[in-house]
Amino acid sequence: MAKTSYYVAVSLDGFLAREDGVMDWLANYTKPLETPYDYDPFYQTVSAVVMGRKTYETVLGFGGYPYQGKPGLVLSKDAGFQVKESGVESVSLNWKEEVETLKASVKDRVWLVGGGEVASLFVRENLLDEIILTIIPETIGTGIQWLGKIPLSASWLLSEHHVSKNGVVQLVYAKR
C-alpha cells in the first residue's frame, strides 16, 4: 500500500499562505533546493494526489491542472461539485474509504497537496504517514495554518532533515 505524504512549504512562523491565500513570500525561493526532497525528485515518487476543493481551485488558477496522468481525489463538502480532469474524482461522502482505496491501488506515494483543513482531517483519521515540511525563512505574521484549526493530537518521529544553501530547512516526519 502506498504511503500518504503531506509535502508542504510553510513560512517560518507556520503559515501556508497569507489570510487571502496569497503566497508571494515564496517568490525568492523558486530555485532548486538541491535536497532529496526538492520538488522534482519528490514528484517522481508520487503515484496519486489528494487535495481539498480550495487547493484544487487555487491550483487551477496557476494556469491549469499540473498533475495530469496521476489519479487523484478532490475532497469537497459540496456533493454536487465536479472536477474536469481525467482520472480525478470529486468526493464528498465516504471520503476516508475513497482515500484508502486510492492508497491501495497505487505503488509509491499519495501526495496530500496543500490545504491545512484536509491535512488536519488526515491526521485525525490516521491517514497521514509522513509530513515533509519545507520551512521557508520568511515570516508573514498571520495566515492560513498548515494543519488547520481542528483540534488534533498525533505523535511524529523526525526521520530526516536537510538544509539548503539559501536557508530553507526540510524536515521529514514519520508517523509513530
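Please refer to the structure higher up on the page.
This structure is a prediction, so every number in the text was calculated from the model and none was measured.

1. What about the packing of aromatic side chains?
Evaluated as defined, the whole model comprises 13 aromatic pairs. With a centroid separation of 5.5 Å and an interplanar angle of 10 degrees, the aromatic rings of Tyr39 and Tyr43 are classed as stacked. With a gap of four residues between them, Tyr39 and Tyr43 both fall in helix α1 (residues 39-43), about one helical turn apart. For Tyr39, a relative accessible area of 32% gives the class partly exposed. An aromatic cluster of three or more residues is present, and its members are Tyr7, Tyr39, Phe42, Tyr43, Tyr56, Tyr65, Tyr67, Phe81 and Trp111.

2. Some words on unusual backbone geometry
For residues that are not glycine, phi is negative in most cases, and the peptide bond is trans in most cases. The residue Glu34 is not glycine, and still its phi comes out positive at about 60 degrees. Structurally, Glu34 is set in the loop between β2 (15-17) and α1. Residue classification places Glu34 among the exposed positions, given a relative accessible area of 62%.

3. Remarks on a negative patch on the surface
There is a patch of like negative charges on the surface, built from Glu89, Glu97, Glu98 and Glu100. It is helix α3 (residues 95-105) that contributes the most residues to the negative patch, three residues altogether. Turning to its location among the elements, Glu97 is positioned in helix α3.

Cut-off values and rules
Residues numbered from 1 in each chain as written. Predicted model: local features only at pLDDT ≥ 70, side-chain atom pairs only at ≥ 80, totals over all residues. Heavy atoms only, no water. Phe/Tyr/Trp six-rings, centres within 6.5 Å; stacked < 30°, edge-to-face > 60°. Helix = DSSP H or I, 4+ residues; strand = E, 2+ residues; numbered from the N terminus. Buried < 20%, exposed > 50% of the residue type's maximum accessible area, 1.4 Å probe, protein only. Patch = residues over 30% accessible without salt bridge, like charges linked within 9 Å, V, L, I, M, F, W, Y side chains within 5 Å. Areas by Shrake-Rupley, 256 points an atom, 1.4 Å probe, with all protein chains shown as cover. Salt bridge = Lys/Arg side-chain N within 4 Å of Asp/Glu carboxyl O. Lys, Arg positive; Asp, Glu negative; His and termini not counted. Charge placed at Lys NZ, Arg CZ, Asp CG, Glu CD.

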